[in-house]
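Reading the structure
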Amino acid sequence: MAERYLRSIRLLAECFHAFERQSGANIRCRTGLTPSQFDIIATLGNTCGMSFKELGERTLITKGTLTGVIDRLEEKGLVTRVTQIEDRRSTLVKLTAAGDAEFKRVFSQQVAFGKQSFVNYDAQDFDALDRELTKLHANLTGCEPKQKY
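Residues numbered from 1 in each chain as written. Predicted model: local features only at pLDDT ≥ 70, side-chain atom pairs only at ≥ 80, totals over all residues. Heavy atoms only, no water.

It is worth spelling out the nonpolar core at this point. Ile40, Ile41, Leu44, Leu55, Ile70, Leu73 and Val79 are the most contacted members of the largest nonpolar core, which has 20 residues in total. Counting only elements with at least two residues in this core, the list comes to helix 2 (35-44), helix 4 (63-75), strand 3 (91-95) and helix 5 (97-115). In terms of residues, this core owes the most to one element, helix 2, which gives 5 residues. If near-sequence neighbours (up to four positions away) are discounted, isoleucine 41 is found in contact with Leu33, Leu73, Leu78, Val79, Leu95, Gly99 and Phe103. (Core = buried A, V, L, I, M, F, W, Y, C linked by side-chain atoms within 4.5 Å. Buried < 20%, exposed > 50% of the residue type's maximum accessible area, 1.4 Å probe, protein only. Helix = DSSP H or I, 4+ residues; strand = E, 2+ residues; numbered from the N terminus. Contact = heavy atoms within 4.5 Å.)

Here it is as structure tokens:
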């Protein structure tokens, strides 16, 4: 029984991968963006821009991959890099007007698509799921559980 957690970890990983496959296929088909590109557009939406460090912390994209994703979005005219005057070592990534239009066009549709996976969940189901995932996250990171994750 000591290895009981392995069954739960496997189920959690299977759920993540299934959601990622389903969501990624929908993103590619509907937008022509990769899931990583969509993640950047979605993260930058409704902001004044973010540094590479902030984007790395707020997305699921590794630091090594982030520069290439930003390069390709810049080639598509969806983001721009702005060097900060007060700290020339810091670069801000911002959506262009075309990037903002793309965010407005695709974000709410993708949220609605993802929501379909939870159609049978009520408020109590979400509360229980949030509670357990928050507890697991705290155990994995060594951080105190937040009230709302």
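That shown, we press on.
Here 3 strands make up an open sheet; going across it, the order is 1-3-2 and the pairing antiparallel. The sheet is open, and its two borders are formed by strand 1 (50-51) and strand 2 (79-83), each paired with just one other strand. Pairing geometry for strand 2 and strand 3, over 5 bridges, is antiparallel. The residue bridging valine 82 from the neighbouring strand is leucine 92, located in strand 3. Of the strands in this sheet, strand 1, strand 2 and strand 3 are in contact with helix 2, which crosses strand 3 at around 90 degrees. (Pairing = 2+ DSSP bridges. Axes fitted to C-alpha atoms, helices over the stretch in contact; angles between N-to-C directions.)

In contact at an axis separation of 9 Å, helix 2 and helix 5 are set at 105 degrees when each is read in the N-to-C sense. Of the possible angle classes, the one that applies to helix 2 and helix 5 is roughly perpendicular. From helix 2, Phe38, Ile41 and Ala42 reach across to helix 5, where they touch Gly99, Phe103, Val106, Phe107 and Gln110. (Parallel < 35°, antiparallel > 145°, perpendicular 65-115°, else oblique.)

Below, the discussion takes up the packing of aromatic side chains. Counting across every chain of the model gives 4 aromatic pairs. Note on phenylalanine 118 and phenylalanine 126: the rings are 5.8 Å apart at their centroids and 35 degrees apart in plane angle, and the pair reads as tilted. Judged by its relative accessible area of 32%, phenylalanine 126 is partly exposed. On the numbers, 5.3 Å between centres and 45 degrees between planes, the contact of tyrosine 121 with phenylalanine 126 is tilted. An aromatic cluster of at least three residues, connected via ring pairs, comprises Phe118, Tyr121 and Phe126. (Phe/Tyr/Trp six-rings, centres within 6.5 Å; stacked < 30°, edge-to-face > 60°.)

Taken as a whole and judged by the stated rule, the model has 6 salt bridges. Two residues, arginine 81 and aspartate 71, come together in a salt bridge whose shortest N-O distance is 2.6 Å. Of the two residues, arginine 81 is situated in strand 2 and aspartate 71 in helix 4; the sequence distance between them amounts to 10 residues. By relative accessible area, aspartate 71 is classed as partly exposed at 30%. Beyond isolated ion pairs, a larger network of salt bridges with shared partners links Asp71, Glu74 and Arg81. (Salt bridge = Lys/Arg side-chain N within 4 Å of Asp/Glu carboxyl O.)

With that settled, the discussion passes to a negative patch on the surface. A cluster of like negative charges, contributed by Asp122, Asp125, Asp127 and Asp130, occupies part of the molecular surface. Since its relative accessible area comes to 41%, aspartate 130 is described here as partly exposed. (Patch = residues over 30% accessible without salt bridge, like charges linked within 9 Å, V, L, I, M, F, W, Y side chains within 5 Å. Areas by Shrake-Rupley, 256 points an atom, 1.4 Å probe, with all protein chains shown as cover. Lys, Arg positive; Asp, Glu negative; His and termini not counted. Charge placed at Lys NZ, Arg CZ, Asp CG, Glu CD.)

None of this, on its own, says anything about what the molecule does.
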